[in-house]
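Inside the fold
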Amino acid sequence: MTDPADADAGGGAGAGAPRGLDLDRLAAYLAAHRPELAAAPLRARLIAGGKSNLTYLLRSGGHEVVLRRPPLGHVLATAHDMAREHRIISALAPTAVPVPEALLFCPDTDVIGAPFYLMEKVDGEVFRSRSQTDPLTDGQRHDLATAMMDTLAALHAVEPAAVGLADFGRPEGFLGRQVRRWAGQLDQSRSRPLPGVDELRDALAGSAPEGANAGRIVHGDYRLDNLLATVGTAATAPGQGAPGAATGTDPAGAATGTLGATGAGVSVRAVLDWEMATLGDPLADLGLLLTYWSVLGDSDAAVDNPVADGLGPRAGFPSGAELIDRYAGRSDVDVGPLHWHVALGCFKLAVICEGIHYRHTLGQTLGGGFGRIGELVAPLVEHGLRAVREK
């Protein structure tokens, strides 16, 4: 989740470079490791959109590539793992899952102050706001949602060992560890009273299911605005012939292939933001997706909020139940009851939003769009408590 700070800059750390980059040190590192990307002048700008890791477009000579690095300050343990992102997009490159092409990983924090990696740029659009999704036809919204679910089914169908990811996580006890992990992250981000959050944590910890589907590749933060997509004029609503167009550019990744939906004009060009990927229960991805789609997407707190604005039925997309039906028809995963996984999604997203809110209060966020993130925590906790109590 980079933000609306699009300041273009060139030169070194003291010459107007975007915060989070030292272009002189970066240019020297590239000259040693990828000299074709080190042509002077090296220029950079922060790409708009997300609220966690920072994403920059680098221009060097005739090349344009994308750099990803952790946020500034207050980086939670095990979060924002650049090596993890680089490894999984490299492993998934030959599969049916569209991912950016990985170009370089740098673990040396002396270069820009944090580990980072480079990936190739691709044109497309990240759909995250009503201003982007309202102009779409009903058919385009349907096909975009369908492509989103088909892509997730393709990810969960990948055999980890076949792509060198057999040791990418520990599937046994995954769901219980998820609760403990996010409880630990919460404790590192507490800066204000959060009514109900400890009750939600305890209820999840005391009722974690066995996880019969464990052992699949899990994205960890799968949602519409972590996809780079194209929507052309060929997409139509079922039984209709009403064309429409909505195109744009967000150079936040690159695809090695496309996965089309029912409409020929819609394709997912790349799945982005793999920092929380692991091996585990794919229902965790479905639960978090429904949290974005049906919980926040139907909440007054999400209106004009950059985390969830433009998602879900309120924005004219199919219902969460339709999304799950589409996924179930293309996956061998036993979907079963999802209420516990939605409750986990609510807890996880509440912790993420609280962490972003905390960084914002410390002045460690770049750009705008952060002021209302903290407003989402209370409704997420409230819905999570209702979901975890369902039978």
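Attention in this report is confined to the structure presented alongside it. (Residues numbered from 1 in each chain as written. Predicted model: local features only at pLDDT ≥ 70, side-chain atom pairs only at ≥ 80, totals over all residues. Heavy atoms only, no water.)

**Brief notes about the overall build of the chain**
Assigned secondary structure in the chain consists of 11 helices and 11 strands. Taking all 391 residues of the chain together, 58% fall into the buried category. Element-wise, carbon and sulfur atoms account for 51% of the exposed surface of the chain, whose accessible area totals about 14400 Å². (Helix = DSSP H or I, 4+ residues; strand = E, 2+ residues; numbered from the N terminus. Buried < 20%, exposed > 50% of the residue type's maximum accessible area, 1.4 Å probe, protein only. Areas by Shrake-Rupley, 256 points an atom, 1.4 Å probe, with all protein chains shown as cover.)

**Here we look at helix H7 (residues 197–205)**
Along H7, the positions that sit buried rather than exposed are Val 197, Leu 200 and Leu 204. Relative to the axis of H7, the buried residues are bounded by an arc of 60° and lie together on one face. (Arc of directions from axis to C-beta.)

**Considerations on the packing of aromatic side chains**
Scanning all chains against the criterion turns up two aromatic pairs. Arranged with centres 6.0 Å apart and planes meeting at 70°, the rings of Tyr 29 and Phe 116 form a pair that is edge-to-face. Of the two residues, Tyr 29 is situated in helix H1 (residues 23–33) and Phe 116 in strand S6 (residues 116–120); the sequence distance between them amounts to 87 residues. Taken as a pair, Tyr 29 and Phe 116 share a single burial class, namely buried. Relative to Phe 317, the ring of Trp 293 has its centre 5.2 Å away and its plane inclined at 65°; by these criteria the two rings are edge-to-face. Residue Trp 293 is found in helix H8 (residues 283–295), and its partner Phe 317 is found in the loop between H8 and helix H9 (320–328); the two are separated by 24 residues along the sequence. Accessibility classification places Trp 293 together with Phe 317 in one group, the buried group. (Phe/Tyr/Trp six-rings, centres within 6.5 Å; stacked < 30°, edge-to-face > 60°.)

**What to know about the environment of Arg 84**
Relative to the assigned elements, Arg 84 resides in helix H2 (residues 82–92). Arg 84 sits 194 residues away from Thr 278 along the chain, and the two C-alpha atoms are 8.6 Å apart. Sequence-distant contacts of Arg 84, that is, excluding residues within four places in its chain, are made with Phe 168, Gly 169, Glu 275, Ala 277 and Thr 278. Within the structure, Arg 84 has its side chain in polar contact with the backbone oxygen of Ala 277 (distance 2.5 Å). (Contact = heavy atoms within 4.5 Å. Polar contact = N/O pair within 3.5 Å; in protein donor to acceptor, adjacent residues only side chain to side chain.)

**Looking at the layout of surface pockets**
By rolling a water-sized probe across the atoms, one finds the places where empty space is left. Within this model, the largest pocket holds a volume of roughly 420 Å³. Along the walls of the largest pocket sit 23 residues, with Arg 84, Phe 174, Gln 178, Arg 181 and Thr 278 positioned nearest its centre. Counting residues per element, the ones that place at least two in the lining of the largest pocket are helix H6 (174–189), H8 and helix H10 (339–361). Looking at the second largest pocket, its volume works out to about 270 Å³. For the second largest pocket, the lining is made up of 17 residues, of which Pro 209, Leu 283, Pro 337, Trp 340 and His 341 are closest to its centre. With three residues, H10 is the single largest residue contributor to the lining of the second largest pocket. (1 Å grid on protein atoms, 1.4 Å probe; cavity = no way out; pocket = protein on both sides within 12 Å on 5 of 7 lines; lining within 4 Å. Points joined across faces, edges and corners; volume = space filled by probe spheres on them.)

**Re the packing of H6 against H7**
Relative to each other, H6 and H7 sit at 160°, their axes nearing to 10 Å. The orientation of H6 with respect to H7, classified from their angle, is roughly antiparallel. Classified by chirality, the crossing of H7 by H6 is left-handed. Residue-level contacts link Val 179, Ala 183 and Leu 186 of H6 to Val 197, Arg 201, Leu 204 and Ala 205 of H7. Considering only residue class, the contact of H6 with H7 consists of six nonpolar, no polar and one charged. (Axes fitted to C-alpha atoms, helices over the stretch in contact; angles between N-to-C directions. Parallel < 35°, antiparallel > 145°, perpendicular 65-115°, else oblique. Left-handed = near helix turned anticlockwise from the far one by under 90°. Nonpolar A, V, L, I, M, F, W, Y, C, P; charged D, E, K, R; others polar.)

**Re the pattern of salt bridges**
Scanning the model with the defined rule gives 23 salt bridges in all. For Arg 25, the salt bridge goes to Asp 22, with nearest N and O atoms at 3.9 Å. For Arg 25, a relative accessible area of 49% puts it in the partly exposed group. Here Arg 68 makes a salt bridge to Asp 273, at a shortest N to O gap of 3.0 Å. In this pair, Arg 68 sits in strand S4 (residues 63–69) while Asp 273 sits in the loop between strand S10 (266–271) and strand S11 (278–280), placing the two residues 205 residues apart along the sequence. Per residue, the accessibility class of Arg 68 equals that of Asp 273, and both read buried. Shared partners join several salt bridges into a network, and the residues in it are Asp 187, Arg 190, Asp 198, Arg 201 and Asp 202. (Salt bridge = Lys/Arg side-chain N within 4 Å of Asp/Glu carboxyl O.)

**Quick look at the side chain of His 86**
Looking at where His 86 falls in the secondary structure, it is placed in helix H2. When its relative accessible area of 18% is taken as the criterion, His 86 is described as buried. Ignoring sequence-local partners within four residues, the contact set of His 86 consists of Ala 102, Leu 104, Phe 105 and Tyr 117.

**Digging into the packing of helix H5 (residues 138–157) against H8**
Where H5 contacts H8, the axes come no closer than 12 Å and their chain directions differ by 160°. In terms of axis orientation, H5 runs roughly antiparallel to H8. In terms of crossing hand, the pair formed by H5 and H8 is right-handed. Between H5, through Ala 145, Met 148, Met 149, Leu 152, Leu 155 and His 156, and H8, the contact on the second element is made entirely by Asp 285, Leu 286, Leu 289 and Trp 293. Taken together, the residues of the contact of H5 with H8 break down into eight nonpolar, one polar and one charged.

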